[in-house]
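Residues per chain are reported as follows:
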Amino acid sequence: MTSSYKDGLENYYQLPDDASPAGSVEEDSDLIDFFTGQLLVDGDTQEQLTGVTEETVVLAARGNTTPVVVTNEDGDPVVVDIINGQQSEVDTSLLGIPRSEVALNLFDTVNIYGVNTKEWASSASYTYSYDPAEWTNQLDSNGIAHGNYLGHIASESAIRAYSYPPPESFTYLFDDNSGRFPGGYTNGVMSASWTSKRAFRYQPGRVTGFTMGVRMSTETGTDGEVIQWGCTNDYGDGYYFQLERGTDLYIVRTSPGLPTLKIPREEWSGNGLFANAGLTGWSLDLSRVTMFKIEFSWYGAVGAKFMAYVPDGYGEARWVELHYIVAENLNTKPSLRSAYLRMFVSSRSVAGSTKPTFIYLYGSSVYIDGGDKGTVILGSANLEQPKAIDSNSRSLIGLNIKGTINGVSNQKAVYPVTLSAYSSVPARLDLVFRDNSCAGVQYGYGEGTSISRGTSAVYSGSVVGTNTFVLPSGQQFPDITAELSDSTTYLSGRRVKVNGTGVYMTHVTAVGSGLTSITTDRPLPSSLSSVSLSRLDAWAVGDVMIPSGIVNGNVLRRDNAGYWRLGLWPQASGTYDGTQEVAWFASSYPRLAFGVNGQPNGESRYPSALGCNENTAFTVATGVTSIVSAGGNSVTVSGSPWPIAVVAELMDGANVSDVTIFETSNISTVGSGATKAIATFVVSGISESSTAAGGTDYVAHKFEDALADPLSAVIVDRQGTKVMPTSNRVATYFIGADETKTYDLSNVFGPDKMFITGPPGSAFNTGALFVMATARVGSGIASAMLNWEEQ
């Protein structure tokens, strides 16, 4: 080998004079093409080629020596071709500052054991979601399942968002007045997504980074199919990758009030990762696991960088810059309305696709580059006076998240840090999470007084024709001639429902002479031998009245089971007997369930929010005439409508509980107003129970603004004492009689543990936290104070 020096030593590596050899050894080594990294073979025999080389070991006296090549020749050093000499894309921050600080990790997950529902919220939708499940989830001709699937893939330690609608929606054989007829539509759209519950906080001057490993479907080839992965928020801000039709890859930046940037792969400012092109020559294959990184800072004003971790030459890999959105100084607004973003993956598929659309999420993380705890607000809340406790577990204090702060959607996360408590008797303190994802307002947690109704009498007989059921001679139905008209949603009239084997969503339309037969609005099974009549002829009136001057508010209830209706009774006085005018504002009523043969095979409750705290707003308009309005239903009365009472009417097997009135008239402050739980009902024909609540002296939870800071994320309940209907106990502490203790909660709550976040009613809500107290001996009083951090 021969070589000569040129102008200087800039392009050469040399061994220093004080390096001493330690000997040499000959080795029979494989011969390699250094341009391709491929082993060399004989063109005729196809045998691998080898050669004898002499390797020299160098002992350097100086620690900064990095020998790269040792040659057999003594006279000339060897020129070194520095192929990867440019600075790595991750060596400097978005601001051009060399990275020297340790990143602050905000979030990481590897999805080994399952989906962490404290961290992830799922969402799925389908244009024809009311179709029978067995139709929506049928197999295609290749045995691949249609449908929406969100779950954990244990074999790959991944979570998956999968969507694959059937080629057409279900076709119904007849119209049941539900708006689903006739079906058979071919424009169905199905989507599935995973989103982190936390909106990861922004820190001024720092760089926020999202990394995620994904793989996805790439062979769909159907217009309208979209896969996305990256970060976004409730406002519509977002930085993410978008794959369309399985082939067309884009980088997208969105923000309200600004043009959406959608940059195709061919126009990326960095490496498009095309085969044999760019600095790496790597061909990106999204069907294989690839790590992606998104970094941004200063509300996006210094831009955003999109990267992928891919092979770079033979035996090397690194973060490669795909596209760099530089400082967006052409905009008069920041490129992000809010820099609090959530990680997400989503898939969207359309009817007619021959293959499913899916994305798998593997390891992922969120960090602040060189960040610290920063932007922390401290909060504290305590009881104004002790509460009575006994053997029933009662709430002392509760924390919940505001929906908005000064009209801005609340995206903060809260971490309780200490609990201080006092008890006059030996007591147990439980920290309990109560899910409130169904709550529209922050009131009414807990199982209060319950009203329910059993089954009614059974009548034996036979079917005549298709719609008539006849009793034997000498038997009669009750006189229901005044209960046969109006809506089957039960928001007007008193429809009588027929129950029996194979009888679904069927109501009486006429009663025969002598009360010996009934005619129905739907055909009856020919083999039907007995029926029962479910009627709105049993009622309950709450003990709490809406007084004069209250013109708006909400009524909350827990929808437990069966068919029922709730209403407002104006000018409530005397005894309610079912003849008074009532503005019915909420109901549970039946709808048909269909099988894949197009025929009804059952019925379902609608609305289907079983077990959730539902609420309905009411208004009372006054003038020449007075109108009580709730849920779109009104009653006109003469004179003042007050006092107004809540009335419930129940059919067979129905159950309603925890009815609470929240009065908001002329009040604009969130958390203020009167909250009144109905502790007892005046009942007729139904039963009442308060044992689940431990007695009728329990009151509803009322969450109000915390006093700590007007910008606090937290609202606090100091009032409620109801028992949780279901609980998720996360910690338990014990306290002795007349003791005061402080408990460190840092081992329970934190960014890497449990937290409270998400506006009530949103998919991101983790629930409300309650401190429950139970007297271990006798009864007494207890008090509590919670301290927390919020970011």
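Our structure is the block above this text.
Treat the numbers as computed from the prediction; the structure is a model and nothing was measured.

A.B. asks: Hey, could you run me through the environment of proline 204 in this one?
C.D. replies: For proline 204, the position within the fold is in the loop between β9 (189-196) and β10 (207-216). Residue classification places proline 204 among the partly exposed positions, given a relative accessible area of 46%. Distance in space between the C-alpha atoms of proline 204 and threonine 375 is 9.1 Å, their sequence separation being 171 residues. Excluding anything up to four places from it in sequence, proline 204 contacts Trp298 and Thr375.

A.B. asks: Please clarify how the pairing of strand β33 (residues 517-520) should be interpreted in this entry.
C.D. replies: It is a general feature of regular strands that their side chains alternate between the two faces of the sheet. Sheet topology places strand β30 (residues 468-470) next to β33; three bridges connect them, and they run antiparallel. Looking across to β33, one finds that threonine 468 is bridged to threonine 519. Alignment of strand β32 (residues 508-511) against β33, held across three bridges, turns out to be antiparallel. What sits directly across from alanine 510, in β33, is threonine 519. Hairpin connection of β32 to β33: five residues between the antiparallel strands, including glycine 514 at a positive phi of 80°.

A.B. asks: Can you help me understand the nonpolar core in this one?
C.D. replies: Soluble globular proteins: nonpolar side chains tend toward being buried together. Among the nonpolar cores identified, the biggest contains 47 residues, and Trp229, Tyr239, Phe292 and Phe296 are the most heavily contacted of them. Counting residues in hydrophobic clusters, the runner-up holds 37 residues, among them Ala381, Ile405, Ala427 and Tyr733.

A.B. asks: Sorry, what's going on with the sheet that holds strand β49 (residues 714-717) here?
C.D. replies: In a beta sheet, neighbouring strands are held together by backbone hydrogen bonds and run either parallel or antiparallel to one another. Strand order in this open sheet of six strands is β48-β49-β22-β53-β26-β50, and the pairing throughout is antiparallel. Each edge of the sheet is formed by a strand with only one pairing partner; in this case those strands are β48 (703-705) and β50 (728-735). Adjacent strand axes in the sheet meet at a mean angle of 25°, parallel and antiparallel pairs treated alike. As paired strands, strand β22 (residues 394-401) and strand β53 (residues 768-775) are joined by five bridges and run antiparallel to one another. The partner of glycine 398 across the bridge, within β53, is phenylalanine 770.

A.B. asks: For this particular structure, what's the right way to read the environment of proline 710?
C.D. replies: Inspection of the secondary structure puts proline 710 in the loop between β48 and β49. For proline 710, a relative accessible area of 67% gives the class exposed. As a C-alpha pair, proline 710 and isoleucine 405 span 305 residues in sequence and 8.2 Å in three-dimensional space. Residue contacts for proline 710: discarding those within four places in its chain leaves Lys402 and Ile405.

A.B. asks: Just checking my understanding: could you explain the pattern of salt bridges for this structure?
C.D. replies: Opposite charge on two side chains makes pairing possible when the charged atoms of those side chains draw close. Evaluation of the coordinates by the stated rule reveals 27 salt bridges. In this structure, arginine 729 and aspartate 430 form a salt bridge, with 3.7 Å as the shortest nitrogen-oxygen distance. Residue arginine 729 is located in strand β50, and its partner aspartate 430 is located in strand β26 (residues 427-434); the two are separated by 299 residues in the primary sequence. Among the residues examined, aspartate 430 registers a relative accessible area of 3% and is labelled buried. Through salt bridges with shared partners, one network takes in Arg453, Glu483, Arg535, Asp537 and Asp652.

A.B. asks: Can you help me understand the sheet that holds β30 in this one?
C.D. replies: Ordered by their spatial adjacency, four strands build an open sheet running β29-β30-β33-β32, and the pairing between neighbours is antiparallel. The sheet is open, and its two edges are formed by β29 (462-464) and β32, each paired on a single side. For this sheet, the mean angle separating the axes of adjacent strands, direction not counted, is 30°.

A.B. asks: Please explain the packing of aromatic side chains as it appears in this structure.
C.D. replies: Two descriptors summarise a pair of aromatic rings, namely the distance from one centre to the other and the angle between the planes of the rings. One pass over the structure, following the stated rule, counts 30 aromatic pairs. When the centroid spacing of 5.5 Å and the interplanar angle of 75° are considered together, the rings of tryptophan 135 and phenylalanine 170 count as edge-to-face. Residue tryptophan 135 is found in helix α1 (residues 133-136), and its partner phenylalanine 170 is found in the loop between β8 (158-164) and β9; the two are separated by 35 residues along the sequence. Residue class for phenylalanine 170 comes out buried when judged on its relative accessible area of 2%. Through a chain of ring-to-ring contacts, three or more aromatic side chains come together here, namely Phe107, Trp120, Phe200, Phe210, Trp229, Tyr239, Phe241, Phe292, Phe296 and Phe306. Geometry around tyrosine 324 places lysine 305 over its ring, the cationic atom sitting 5.3 Å from the centre. The aromatic ring of tryptophan 584 is capped on one face by arginine 565, whose charged end is 4.0 Å from the ring centroid.

Definitions and cut-offs
Each chain has its residues counted from 1, following the order in which its sequence is written. Given that this is a predicted model, residues contribute local features only at a pLDDT of at least 70 and side-chain atom pairs are listed and counted only at 80 or more, while totals for whole chains, interfaces and linings are drawn from all residues. Calculated side-chain values reflect all of the structure's heavy atoms, with hydrogen atoms and water omitted. Under the DSSP-based scheme used, a helix requires at least four consecutive residues in state H or I and a strand at least two consecutive residues in state E, with every element numbered from the N terminus. For every residue, the accessible area (1.4 Å probe, protein chains only) is compared with the maximum for its type, and the residue is labelled buried under 20%, exposed over 50%, or partly exposed between those bounds. Any pair of residues with heavy atoms lying within 4.5 Å of one another is described as a contacting pair. In this scheme, strands are said to pair when DSSP sees at least two bridges between them. For our purposes a nonpolar core is just a set of buried Ala, Val, Leu, Ile, Met, Phe, Trp, Tyr and Cys residues, chained together by side-chain atoms within 4.5 Å. Simply put, an axis is a line fit to the C-alpha atoms, just over the touching stretch for a helix, and the angle between two N-to-C directions goes from 0 to 180 degrees. Throughout this description, the term salt bridge denotes a Lys or Arg side-chain nitrogen within 4 Å of a carboxyl oxygen of Asp or Glu. Put simply, two rings from Phe, Tyr or Trp (the six-membered ring, in Trp's case) pair if the centres are within 6.5 Å, and we call them stacked under 30 degrees between planes, edge-to-face over 60, tilted for the rest. Only lysine NZ and arginine CZ atoms are considered, and such an atom sits over a ring when it is within 6 Å of the ring centre and within 35 degrees of the ring normal.

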